[in-house]
Amino acid sequence: MHWRQGKLIYKCIPAITGDVISNQIPAFIDFEASSLDLIASYPIEAGLCLNGKYLHSWLIKPCETWLDWSESAEQIHGIERDELTQSGEDVATVARALNRLLPEQVFCDAFTFDSFWLHRLFRAAAIEPEFQLESVSVLLNSRQVKLWPDARQHVISELGLPVHRAKNDALILSHTWQRLNR
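Rules behind the numbers
Residues numbered from 1 in each chain as written. Predicted model: local features only at pLDDT ≥ 70, side-chain atom pairs only at ≥ 80, totals over all residues. Heavy atoms only, no water. Helix = DSSP H or I, 4+ residues; strand = E, 2+ residues; numbered from the N terminus. Contact = heavy atoms within 4.5 Å. Phe/Tyr/Trp six-rings, centres within 6.5 Å; stacked < 30°, edge-to-face > 60°. Buried < 20%, exposed > 50% of the residue type's maximum accessible area, 1.4 Å probe, protein only.

### Let's talk about the environment of V136
Here V136 shows up in the loop between strand 9 (132-135) and helix 5 (142-159). Spatially, the C-alpha atom of V136 lies 5.2 Å from that of F107, the residues being 29 residues apart in sequence. Among all residues touching V136, those that are not within four sequence positions of it are F28, F107, C108, D109 and W148.

Okay, here's the thing in structure tokens:
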């Protein structure tokens, strides 16, 4: 690990075998949401990938004041609002789980949206996050930023996972980062 501009930056060290080793693979988070409206939308699913392999996800029961819903978003992620109201976890349960599981820093690939939905979740739960959300871009050099889209597509093909589900997308983020740090 290295420090840059007061922030912890993760660095991988190539092993003799050619595998990537790290004293810690960054934690990644992804959210699915009711829509892409940055005023009315809210998180409907949170997914984590810890240490490159441990996955957690929660469907999130909408608060009574969360009314936004996009039929096109529902089609993309395949989660119906009725499923959330019947099977989703309340916001406080999800917020406490995130605080319990996440290290000091967690990374996402859509910082503007993910930070908005994270804030909505924790505000509704009346809980403060005990971690800092950062863009995955702070982990990447300029060469890696250019290679990211193609590397991500290769990872999606290799894993064969559907996208737009939070834990799948968090796993894809982690594997893409690892691929670029071999």
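Next comes the rest of the write-up.
### Describing the packing of aromatic side chains
Considering all chains together, one arrives at four aromatic pairs under this definition. Centroid distance F28 to F107: 6.3 Å. Interplanar angle 50 degrees. Geometry classified as tilted. Of this pair, F28 sits in strand 5 (residues 27-33) while F107 sits in strand 8 (residues 105-108); the two residues are 79 residues apart in sequence, bridging distant segments of the chain. The same class applies to F28 and to F107, which are both buried. Their ring planes at 20 degrees and their centres at 5.0 Å tell us that Y42 and W66 sit as a pair that is stacked.

### Here we look at the environment of K167
Its location among the elements puts K167 in helix 6 (residues 166-180). On a C-alpha basis, the gap between K167 and E45 in space is 8.8 Å, while along the polypeptide they are 122 residues apart. Leaving out residues up to four positions away in the same chain, K167 has contacts with G47, L55, H56 and S57.

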